[in-house]
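What follows is each chain in one-letter form.
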Amino acid sequence: MERFYCSGCNRFYPVAPTIWRCECGSFLDLEFKPNFLTKKILKRDSTLWRYREALPILRDENILSMREGFTPLEEMDFNGHRILLKIDYLFPTGSYKDRGATVLISKVKELGLKKVIEDSSGNAGSAIAAYCARAQIECDIYVPQTTSAGKLVQIQAYGADLKRVEGSREKTAQVAMEAASRIYYASHCWNPFFLHGTKTFAFEIWEQMGWKAPDVLVLPVGHGTLFLGAYMGFRELKEAGMVRRIPRLVGVQSASCAPLYQAFKKGWRETRPIEKKETMAEGIAIAEPIRGRQILEALRDSDGEILTVTEREIEAATKEMGRRGHFIEPTSGATVAGLKKYLKHIKKKVIVTTLTGMGLKAAGKISHPNI
Ligand SMILES: Cc1ncc(COP(=O)(O)O)c(C=O)c1O
Ligand SMILES: [Zn+2]
């Protein structure tokens, strides 16, 4: 039987629609053992479902897929370093969040549910709304009032009930959590099935690199759903004997909102309150990451680090990538700015980074950075 567990207090729970958090208040994880059958993988379509035996959906008929994933891994030169860029804005909804949504909403279908709620800075909400539309599952998406217009229109285009909340991203989460006592919480941060989708980021890199792991992964971190998915994916590969080690995980935060940077530098187990300022990188403007403890553990376990980037650096990197043919949103520009910073103090290493969100989603913020 599938079970959730709490790594904070070692309690176990059944996978039931009403259970999304431990009695101790912590997030939950899923007990799951994947399999990697490389011969079978190679014969399948180029979607993230090619890793079928490593994804926790019990019956094939519940899989909701839009042929997502297996995104390109492109080589690009940065200051004389050969970097591999995973082009994750090439998903049906324009961001990597579809990795999580395809698995989570397949699970929602498997559980026989008819309605979900989610709160998001915009992209996760778009992804959940799109997959719910496919499955004809009703959904309410809560977003902060300041979310980019492109994302708001997109969420509504999928037929979701958009709920704009005045105040911060944290306030939005609070309002959604109250509603979650009545409706299934398809939260990308709380719900472990989402991470079992984002972990396919690691599997694809492993396959595209000839069944090997890179030395370093440079990733954006807000709630850490890509960061933790990448960590989980490589940990599962390591435990299955498919790779020798987990890559060093380098997280990038905006200097205007960097709770993980603060906690990591100070050696804390959990994040603590920070003074949050406005940032163009709305996707990583997370002051209170739900899985902060888990992200800090992954950083230490992988011998990784956290970097911060300024608004000026984010803007410059977003523009530079446009000139190089990649129209990305500023949250992804932040990752590139972090990569450039990281390259200043490392020697030859195989480094993978990613472009997570399409520029069209945040066109206003790109053309008028101070809005
Ligand atoms: C484009 C983009 N990149 C990265 C992230 C960061 O994801 P997370 O908050 O799970 O760390 C987000 C989150 O919304 C995003 O929209
Ligand atoms: Zn607990």
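Numbering of residues starts from 1 in each chain and follows the order in which that chain's sequence is written. Ligands are numbered from 1 and chains lettered from A, in the order in which they are written. Where totals are concerned, whole chains, interfaces and linings use all residues; where local detail is concerned, this predicted model gives features only for residues with pLDDT of at least 70, and gives and counts side-chain atom pairs only at 80 or more. Water and hydrogen atoms play no part in the side-chain values, which are based on all heavy atoms of the structure.

Student: Mind showing me how you'd approach the overall build of the chain here?
Tutor: Helix and strand labels come from DSSP, where a helix needs a run of H or I of at least four residues and a strand needs a run of E of at least two; each type is numbered from the N terminus. Scanning the chain from terminus to terminus reveals 13 helices and 13 strands. The C-alpha atoms of the chain give 19 Å as radius of gyration, which agrees with the globular expectation for 371 residues (21 Å, within 12%). Only protein chains enter the accessibility calculation, which uses a 1.4 Å probe. A residue is then buried if its area is under 20% of the maximum for its type, exposed if over 50%, and partly exposed in between. Among the 371 residues that make up the chain, the fraction classed as buried is 60%. Partitioning the intrachain contacts of the chain with sequence separation of at least 6 by distance along the chain shows that 69% fall at a separation of at least 24. When we talk radius of gyration, it's over C-alpha atoms, and the globule rule is simply 2.2 Å times the number of residues to the 0.38. In this analysis, two residues are considered to be in contact whenever any of their non-hydrogen atoms come within 4.5 Å of each other.

Student: Teacher, can you tell me more about the site of ligand 1 here?
Tutor: By convention in this text, a residue qualifies as near a molecule or strand provided that one of its non-hydrogen atoms is within 4 Å of it. Around ligand 1, the structure places 16 residues, and the nearest of them are Asn 123, His 223, Gly 224, Thr 225 and Thr 356. Contacts described as polar in this section are N or O atom pairs within 3.5 Å, which, within protein, must combine one atom able to donate a hydrogen with one able to accept it, while residues neighboring in sequence count only if both atoms come from side chains. Lys 97 places a polar side-chain atom, nitrogen or oxygen, 3.1 Å from an oxygen atom of ligand 1. Between ligand 1 and Asn 123 there is a distance of 2.7 Å, counted from an oxygen atom to a side-chain nitrogen or oxygen. Here the accessible surface of atoms and residues is derived via Shrake-Rupley with a 1.4 Å probe, and residues count as covered only by protein chains that are part of the display. In the complex, 99% of the free accessible area of ligand 1, which totals 390 Å², lies under the protein chains. Looking at the shell around ligand 1 residue by residue, the classes come out as four nonpolar, ten polar and two charged. Only Asp, Glu, Lys and Arg are considered charged, only Ala, Val, Leu, Ile, Met, Phe, Trp, Tyr, Cys and Pro nonpolar, and every remaining residue, Gly among them, polar.

Student: Where do I start with the pattern of salt bridges in this structure?
Tutor: Think of it this way: side chains of opposite charge can pair up when their charged atoms draw near. Each salt bridge in this description consists of a side-chain nitrogen of Lys or Arg and a carboxyl oxygen of Asp or Glu lying within 4 Å of one another. By the definition in use, this model includes 32 salt bridges. Between Arg 245 and Asp 215 there is a salt bridge whose closest N-O contact spans 3.0 Å. Placement of Arg 245 in the loop between helix H8 (225-239) and strand S11 (248-254) and of Asp 215 in the loop between helix H7 (200-208) and strand S10 (216-220) is noted, with a sequence separation of 30 residues between them. By relative accessible area, Arg 245 is classed as partly exposed at 40%. Among the residues examined, Asp 215 registers a relative accessible area of 24% and is labelled partly exposed.

Student: How should the sheet that holds S10 be read in this particular structure?
Tutor: Within a beta sheet, neighbouring strands are joined by backbone hydrogen bonds and run either parallel or antiparallel to one another. Criterion used throughout: strands pair if DSSP finds at least two bridges between them. Read from one edge of the open sheet, six strands run S4-S5-S13-S10-S11-S12, paired in mixed fashion. Each edge of the open sheet is held by one strand with a lone partner, namely strand S4 (73-78) and strand S12 (305-309). When the angles between neighbouring strand axes are averaged without regard to direction, this sheet yields 30 degrees. Here an angle of 0 to 180 degrees is reported between the N-to-C directions of two axes, which are lines fitted to C-alpha atoms, with helices fitted over the stretch in contact. Its contacts with the sheet place helix H9 (residues 259-266) against S11 and S12, and it is angled at close to 135 degrees to S12.

Student: Could you clarify how one ought to interpret the packing of helix H2 (residues 97-110) against helix H3 (residues 123-135) in this entry?
Tutor: For any two helices packed against each other, the geometry comes down to the angle between their axes and how far apart the axes lie. H3 packs onto H2 with a crossing angle of 40 degrees between their chain directions and a minimal axis gap of 9 Å. Classed by the angle they form, the pair H2 and H3 counts as oblique. Crossing of H2 against H3: the hand is right-handed. Residues Lys 97, Asp 98, Ala 101, Thr 102, Leu 104 and Ile 105 of H2 touch H3, and the partners they reach there are Asn 123, Ala 124, Ala 127, Ile 128, Tyr 131 and Cys 132. When the residues that make up the contact of H2 with H3 are grouped by side-chain class, the tally is eight nonpolar, two polar and two charged. Here is the rule for angles: anything less than 35 degrees is roughly parallel, anything more than 145 is roughly antiparallel, 65 through 115 is roughly perpendicular, and the remaining ranges are oblique. When the near helix sits turned anticlockwise from the far one by under a right angle, the crossing is termed left-handed; a clockwise turn instead gives a right-handed crossing.

Student: How do you make sense of the coordination of the zinc ion (ligand 2) when you look at a structure like this?
Tutor: Around a metal, the idealised angle for a tetrahedral arrangement of four donor atoms is 109.5 degrees; for an octahedral arrangement of six donor atoms it is 90 or 180 degrees. With water excluded from the atoms, a metal site may look incomplete; its donors are any N, O or S atoms within 2.8 Å, or within 3.2 Å for Na, K and Ca. Only Cys 6 (SG), Cys 9 (SG), Cys 22 (SG) and Cys 24 (SG) from the protein reach the zinc ion (ligand 2) as donors, at distances of 2.2 to 2.3 Å. For a four-donor site, all angles between 85 and 135 degrees give tetrahedral; for four or six donors, opposite pairs above 155 degrees with the remaining angles between 65 and 115 give square planar or octahedral; all remaining cases count as irregular. Relative to the metal, the four donor atoms surrounding the zinc ion (ligand 2) lie at angles of 102 to 117 degrees, and the coordination shape comes out tetrahedral. You can call Cys 24 partly exposed: its relative accessible area is 43%.

Student: Just checking my understanding: could you explain the side chain of His 223 for this structure?
Tutor: Within the secondary structure layout, His 223 lies in the loop between S10 and H8. Looking at His 223, its side chain comes within polar contact range of the main-chain nitrogen of Ile 290, at 3.3 Å. Ignoring anything within four residues of it in the chain, the contact list for His 223 reads Arg 169, His 188, Cys 189, Leu 228, Ile 286, Glu 288, Pro 289, Ile 290 and Ile 295.

Student: So what exactly am I meant to see when it comes to the packing of aromatic side chains here?
Tutor: Each aromatic ring pair is described using two quantities: the centre-to-centre distance and the angle formed by the ring planes. Any Phe, Tyr or Trp ring, taking Trp's six-membered ring, that has another such ring centre within 6.5 Å forms a pair; planes under 30 degrees apart are called stacked, those over 60 apart edge-to-face, and the others tilted. In the structure shown here, the tally under the stated rule is eight aromatic pairs. Considering the side-chain rings of Trp 206 and Trp 211, the 4.6 Å spacing of their centres and the 65 degrees angle between planes classify their relative orientation as edge-to-face. Trp 206 gets classed as buried once you look at its relative accessible area, which sits at 0%. Here the aromatic residues Phe 36, Tyr 51, Phe 203, Trp 206 and Trp 211 are joined through ring pairs into a cluster of three or more. Distance and angle both matter: a charge sits over a ring if NZ of Lys or CZ of Arg is within 6 Å of the ring centre and within 35 degrees of the ring normal. Across the ring face of Phe 70, the terminal group of Arg 50 is positioned such that the distance to the ring centre comes to 4.4 Å. Seen from the ring of Trp 268, Arg 272 lies directly overhead, with NZ or CZ sitting 3.8 Å from the centre.

Student: Hey, could you run me through the nonpolar core in this one?
Tutor: A general trend in soluble globular proteins is that nonpolar side chains are found buried together. Only buried residues count toward a nonpolar core. Its members are Ala, Val, Leu, Ile, Met, Phe, Trp, Tyr and Cys residues joined through side-chain atoms within 4.5 Å. Ranked by size, the top nonpolar core spans 38 residues in total, and within it Leu 217, Leu 219, Phe 227 and Phe 234 carry the most contacts. Elements that contribute at least two residues to this core include exactly H7, S10, H8, H9 and helix H10 (292-301). Counting residues per element, this core draws most heavily on H8, at eight residues. When neighbours within four sequence positions are excluded, Phe 227 is seen to be in contact with Leu 219, Pro 220, Val 221, Leu 249, Val 250, Gly 251, Ile 295, Ala 298 and Leu 299. Among the nonpolar cores identified, the runner-up in size contains 33 residues, and Cys 6, Leu 64, Ala 130 and Ile 141 belong to it.

Student: Would you explain the side chain of Ser 302 in this entry?
Tutor: Relative to the assigned elements, Ser 302 resides in the loop between H10 and S12. Every residue in contact with Ser 302, bar those within four places of it in the chain, is listed here: Ile 246, Pro 247, Arg 248 and Leu 249.

It is worth stressing that arrangement in space is one thing and function is another; only the former is reported here.
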